[in-house]
Amino acid sequence: QVQLVESGGGLVPPGGSLRLSCKASGGTFSTDTLAWFRQAPGKDREFVTANRRRDEAIYYADSVKGRFTMSRDNAENTVYLQMDSLKAEGTAVYYCASNRRLIITALRLSHMYNNWGRGTQVTVSS
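Description of the structure in this document.

Conventions we followed
- What you see as residue numbers is a count from 1 along each chain, following the sequence as written.
- At least 70 in pLDDT is required for a residue's local features to be given in this predicted model, at least 80 for side-chain atom pairs to be given and counted, and no such filter applies to totals for whole chains, interfaces and linings, which use all residues.
- Think of the side-chain values as coming from all heavy atoms in the structure, minus any hydrogens and water.
- Where helices and strands are cited, they refer to DSSP runs of H or I of at least four residues and of E of at least two residues respectively, numbered from the N terminus.
- In this analysis, two residues are considered to be in contact whenever any of their non-hydrogen atoms come within 4.5 Å of each other.
- Pairing of aromatic side chains here covers Phe, Tyr and the six-membered ring of Trp, requires ring centres within 6.5 Å, and sorts the geometry by plane angle: under 30 degrees stacked, over 60 edge-to-face, intermediate tilted.
- Partly exposed describes any residue whose relative accessible area lies between the buried limit of under 20% and the exposed limit of over 50%, with all areas from a 1.4 Å probe on protein chains only and scaled to the type maximum.
- Note on disulfides: each one is a pair of cysteine sulfur atoms within 2.5 Å.
- Within this document, salt bridges are pairs made up of a side-chain nitrogen of Lys or Arg and a carboxyl oxygen of Asp or Glu, the two lying within 4 Å of each other.

1. Some details on the environment of Ser 63
Now for step 1: Along the chain, Ser 63 turns up in the loop between strand 6 (58–60) and strand 7 (68–73).
Now for step 2: Remark: the alpha-carbon pair of Ser 63 and Glu 89, spanning 26 residues in sequence, is separated by 9.7 Å.
Now for step 3: When sequence neighbours within four positions are dropped, the list of residues in contact with Ser 63 reads Arg 38 and Glu 46.

2. Some thoughts on the packing of aromatic side chains
Now for step 1: In the structure shown here, the tally under the stated rule is five aromatic pairs.
Now for step 2: Taken together, a centroid distance of 5.5 Å and an interplanar angle of 75° make the contact between Phe 37 and Tyr 113 edge-to-face. Here Tyr 113 lies in the loop between strand 9 (92–99) and strand 10 (115–116) and Phe 37 lies in strand 4 (residues 33–39), a separation of 76 residues in the sequence.
Now for step 3: Note on Phe 37: relative accessible area 1%, which makes it buried.
Now for step 4: Aromatic side chains Tyr 95 and Trp 116 sit 6.4 Å apart centroid to centroid with 80° between the ring planes, which places their arrangement in the edge-to-face category. Here Trp 116 lies in strand 10 and Tyr 95 lies in strand 9, a separation of 21 residues in the sequence.

3. Some points on the environment of Phe 29
Now for step 1: Note that Phe 29 resides in the loop between strand 3 (18–25) and strand 4.
Now for step 2: The sequence separation of Phe 29 and Gly 119 amounts to 90 residues, and the corresponding C-alpha distance is 19 Å.
Now for step 3: Each residue touching Phe 29, except ones within four places of it in the same chain, is listed here: Ala 24, Leu 34, Arg 72, Asp 73, Asn 74, Asn 77, Thr 78 and Val 79.

4. What to know about the state of the cysteines
Now for step 1: Summed over all chains, the structure comprises one disulfide.
Now for step 2: One disulfide bridge connects Cys 22 with Cys 96, the sulfur atoms lying 2.2 Å from each other. Here the disulfide of Cys 22 and Cys 96 is left-handed, its torsion about the S-S bond being about -80°. A residue pair is termed long-range when its members are at least 10 positions apart, and Cys 22 in strand 3 and Cys 96 in strand 9 qualify at 74 residues.
Now for step 3: In this structure Cys 96 comes out as buried when scored by relative accessible area, which is 0%.

5. Details of the pattern of salt bridges
Now for step 1: Taken as a whole, this structure holds four salt bridges when the rule is applied.
Now for step 2: The residue Arg 38 makes a salt bridge to Glu 46 at a minimum N-O spacing of 3.0 Å.
Now for step 3: On the basis of relative accessibility, which here comes to 6%, the residue Arg 38 falls in the buried class.
Now for step 4: A relative accessible area of 32% places Glu 46 in the partly exposed class.
Now for step 5: The salt bridge involving Arg 52 is made with Glu 56; its shortest N-O contact spans 2.9 Å.
Now for step 6: Glu 56 sits in the partly exposed class, given a relative accessible area of 28%.

The following block contains the structure:
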């Protein structure tokens, strides 16, 4: 059974930066598809970024492109989300997700992912 645990959330002023981490255990991390989603208060879960495999392209939502960077360390079974130039609308619970390799057209669909972390709260406020 795959387990995912996020960390690194907190309170940050607009324009600030945070780096989130997601540690995986019990799965085949190096060959799994990995993703980050977020859910703001009163809103649906939103796609942020995803990567099918380490050697393939990383996909970003238009809302975060150029400000967020996803990376993965297969040796440590950890995926990161570096968030720069944070905006107030970035306030949300951020979730790490994984699945056996997904086709490209499925990457943005939350219901396609079988494995989820508990989430970590990010609050952007001055």
